[in-house]
Amino acid sequence: MDEIVALAKRRGFIFQSSEIYGGIGGFFDYGPLGAILKRNVKDAWWREIVELRDDVVGFDSSIIMHPNTWVASGHVANFADKLVDCRNCKHRFRADHLPSLEKCPDCGMSHTLTEPRSFNLMMQTSIGPMEDSASRAYLRPETAQGIFVNFKNIYQSARKRPPFGIAQIGKSFRNEITPGNFTFRVREFEQAELEFFVPDDGNDLSWYDTWVTARKKWYSDYGVNPDRLRFYELTETERPHYARAGTDVEYLFPWGWGELESIAHRGTYDLDAHMKLSGKDLTYFDEATKSKYTPILIESSAGMDRTALTMLIDAYDQQTIVDADAGKETSRVVLHFHPKIAPVQVGVFPLARNKPELVERARHIERGLRAHARTSYDEGNVGQLYRRQDEIGTPLCIMVDYQSLEDGTVTVRDRDSMLQDRVDAAQLRNYLTERL
Ligand code: GAP
């Protein structure tokens, strides 16, 4: 993990937030490559969940909502963790993360842990110039509630009838007691949530299964190692009382299994709660049967920071290879990103940076490919060029050499096999489309 964190900083994937002031716990910044990596993960989710379906619409709600939203959802009363402090080493823990309250896991002292006390995880802010209880508002701890309170606006304007879904990607905030494990548990993060509403016609559990299967396929399509991924089915006691089924999608991180996504059958709980507090009707009125009902909800809620981190960790590899020129063993770090996730898809270089014809030809090729792939032009020592692209997970590298000037071909090197193809530059577009 230390090596991955170092690589993330060195290559511009992820930086500690406000680093020059010593950082701030639980917040991170995405560097030039990290920003693209996370965007690719979000785009892959959005493409699959919204664009390639005709039964899901997209949505984007405000981060700050009417405070009653969080009363109705139960967050004001219940969105709390139990907090424990060690009186000796002053470290702070989540009670449910401790094996026992007898002994501090950090300093090892007995009977130094305080009694667990409740700590609400919602971040507060105030609206307007007065800071009093009337102006109190919350940064949303999940994006889902924006969808629930707009359910009627959306189904009426989009002319959708259940079964149909509403999807949203956006920032959420939680004042985590113990942020940690890099970007795994942070205080500001992005969620991708799908709220899929189905009629109460006996097919709700089958819809739940459909979504579990769809989400399995998504992780598999983007190459996440199946041996490090599991779909853990929650038992009745592990689920909220109103939920008929639930699955946690978990990845085997270097520190153990961690949740990437939760998929849940939530019954009518959320719409009922908002109808009760707001007094507004959020049922679905079926024109065909002239009857109204509260749809059942199937939710898939994935963390985009955790998914991006998973892609990074899953892609990371340290290999011993034989250097073809020197004929001796050497090692390389390579990220085996899926081509759709890789921040750079094609690197283009001239064999020598002091040969203007090579430089001009390489730049020309790179510019021509920009509209079709995420490309990057670079120049320098050949070995270092490949090393740099391997470390950021670029699937293909194009080298313009002297033969290119004679016959118009270039070499294309495959990141994973390190094998090279000789390709006619005029055919590169088709070649890349197929390979990427
Ligand atoms: N609306 C349902 C909901 O929010 P959740 O299990 O609390 O469910 C969903 O959160 C996902 O959001 C998690 O599986 C995780 O990927 C992500 N997430 C939650 N808290 C997080 C945190 N502190 N840091 C990073 N990601 C987090």
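What you are looking at is a predicted structure, and each value in this text was computed from that prediction instead of being measured.

A. Expanded view of helix H9 (residues 304–315). Helix length check: H9, at 12 residues, gives a terminal C-alpha distance of 16 Å against a target of 16 Å (1.5 Å per residue), a fit within 8%. The element H9 is extensively covered by neighbouring structure, given that 11 of its 12 residues are classed as buried. All of the buried residues in H9 are Met-304, Asp-305, Arg-306, Thr-307, Ala-308, Leu-309, Thr-310, Met-311, Leu-312, Ile-313 and Ala-315.

B. Molecular detail of the packing of helix H2 (residues 32–51) against H9. Where H2 contacts H9, the two axes come as close as 9 Å, and the packing angle between them is 110°. When the axes of H2 and H9 are compared, the pair comes out roughly perpendicular. Once H2 is placed against H9, the crossing between them reads as right-handed. Note on element contacts: H9 touches H2 through Met-304, Asp-305, Thr-307, Ala-308 and Met-311, opposite Leu-37, Lys-38, Val-41, Lys-42 and Trp-45. Residue classes in the contact of H2 with H9 are distributed as six nonpolar, one polar and three charged.

C. The nonpolar core, seen in detail. Counting residues in hydrophobic clusters, the biggest one holds 53 residues, and the most contacted among them are Phe-13, Trp-45 and Phe-337. Residue contacts for Trp-45: discarding those within four places in its chain leaves Val-50, Ala-167, Gln-168, Ile-169, Ala-192, Glu-193, Leu-194, Arg-215, Trp-218 and Met-304. Within the second largest apolar cluster, 20 residues are counted, among which are Ala-352, Val-359, Val-412 and Leu-436.

D. Quick look at the site of the ligand. The local shell around the ligand holds 18 residues, among which Glu-142, Glu-176, Val-186, Glu-193 and Glu-259 are the closest. Contact between the ligand and Val-186: a nitrogen atom at 2.8 Å from a main-chain N or O atom of the residue. For the ligand, a nitrogen atom lies 3.3 Å from a polar atom in the side chain of Arg-306. Taken together, the elements giving at least two residues each to the shell around the ligand come down to strand S10 (188–198), strand S13 (256–267) and strand S16 (296–303). Residues that form the shell around the ligand fall into these classes: five nonpolar, four polar and nine charged.

E. Broad picture of the sheet that holds strand S11 (residues 229–233). Pairing within the open sheet is mixed, and its seven strands lie in the order S3-S9-S10-S16-S13-S12-S11. The sheet terminates laterally at strand S3 (56–59) and S11, the two strands that pair on one side only. Between one strand and the next, the sheet's axes are offset by a mean angle of 20°, whatever the strand orientation. Of the strand pairs in this sheet, S11 and strand S12 (residues 245–253) are connected by five bridges, and their pairing is antiparallel. When the sheet's bridge partners are listed, Tyr-232 is paired in S12 with Asp-248. Relative to the sheet, helix H6 (residues 151–158) contacts S3, strand S9 (164–173) and S10, its axis offset from that of S9 by approximately 135°. Contacts between helix H7 (residues 204–221) and the sheet are confined to S3, S10, S11, S12, S13 and S16, with S13 contributing the most and set at about 150° to the helix.

F. Structural detail: empty space enclosed by the protein. Taken as a whole, this structure holds one cavity of 30 Å³ or more when the rule is applied. Surrounding the largest cavity, Phe-148, Phe-197, Gly-267, Thr-268, Tyr-269, Asp-270, Leu-271, Pro-295 and Leu-297 form its lining. No other element matches the three residues that helix H8 (residues 269–278) contributes to the lining of the largest cavity. Considering only residue class, the lining of the largest cavity consists of six nonpolar, two polar and one charged.

G. Here's a closer look at the pattern of salt bridges. Within this structure, the stated rule accounts for 32 salt bridges. Of the charged contacts, one joins Lys-38 and Asp-305 as a salt bridge, the two residues approaching to 3.0 Å between their closest N and O atoms. Placement of the pair is Lys-38 in helix H2 and Asp-305 in helix H9, with a sequence separation of 267 residues. Members of the salt-bridge network, linked through shared partners, are Asp-81, Arg-94, Asp-96, Glu-176 and Arg-185.

H. How the structure looks around the layout of surface pockets. In this structure, the second largest pocket occupies an estimated 610 Å³ of space. Asp-323, Asp-325, Gly-383, Tyr-386 and Arg-413 are, among the 22 residues lining the second largest pocket, the residues nearest its centre. For the lining of the second largest pocket, the secondary structure elements donating two or more residues are strand S17 (316–322), strand S18 (329–335), helix H11 (382–392) and strand S22 (409–414). It is H11 that contributes the most residues to the lining of the second largest pocket, five residues altogether. Class assignment of the residues belonging to the lining of the second largest pocket gives a composition of nine nonpolar, five polar and eight charged.

So, how was this worked out
- Position numbers for residues start from 1 in each chain and track the written sequence from start to end.
- Restriction of local features to residues with pLDDT of at least 70 applies here, the model being predicted, together with a cutoff of 80 or more for giving and counting side-chain atom pairs; totals for whole chains, interfaces and linings are based on all residues.
- Side-chain figures throughout are based on the complete set of non-hydrogen atoms in the structure, without hydrogens or water.
- Secondary structure is summarised from DSSP: a helix means a run of H or I of at least four residues, a strand means a run of E of at least two, and numbering begins at the N terminus for each.
- Expected span of a helix: the number of residues minus one, times 1.5 Å.
- Per-residue accessibility, obtained with a 1.4 Å probe over protein chains only, is compared with the maximum for each type, and a residue is labelled buried under 20%, exposed over 50%, and partly exposed between these values.
- Helix axes are fitted only over the stretch in contact, all axes being lines through C-alpha atoms; the angle between N-to-C directions runs from 0 to 180 degrees.
- Angle categories are assigned with fixed cut-offs, so that under 35 degrees is roughly parallel, over 145 is roughly antiparallel, 65 to 115 is roughly perpendicular, and the rest are oblique.
- Helix crossings fall into two classes, left-handed where the near helix is turned counterclockwise from the far one by less than a right angle and right-handed where it is turned clockwise.
- Residue contacts are defined here by distance: any two heavy atoms, one from each residue, within 4.5 Å place the two residues in contact.
- Three residue categories are used. Nonpolar comprises Ala, Val, Leu, Ile, Met, Phe, Trp, Tyr, Cys and Pro, charged comprises Asp, Glu, Lys and Arg, and polar comprises the others, including Gly.
- Only buried residues count toward a nonpolar core, which is a set of Ala, Val, Leu, Ile, Met, Phe, Trp, Tyr and Cys residues joined through side-chain atoms within 4.5 Å.
- Working definition: residue near molecule or strand if any one of its non-hydrogen atoms lies within 4 Å of it.
- Under this definition, polar contacts are N or O atom pairs within 3.5 Å; protein pairs additionally need one hydrogen-donor-capable and one acceptor-capable atom, and for neighbouring residues in sequence, both atoms have to be side-chain atoms.
- At least two DSSP bridges between two strands are required for those strands to pair.
- Cavities and pockets were defined on a 1 Å grid built over protein atoms only: a cavity is a set of grid points that admits a 1.4 Å probe from which the probe cannot escape, a pocket is an open set flanked by protein on both sides within 12 Å along at least five of seven lines, and lining residues are those with an atom within 4 Å of any such point.
- Grid points are joined across faces, edges and corners, and a volume is the space filled by probe spheres set on the points.
- Here, a salt bridge means any side-chain nitrogen of Lys or Arg that lies within 4 Å of a carboxyl oxygen of Asp or Glu.

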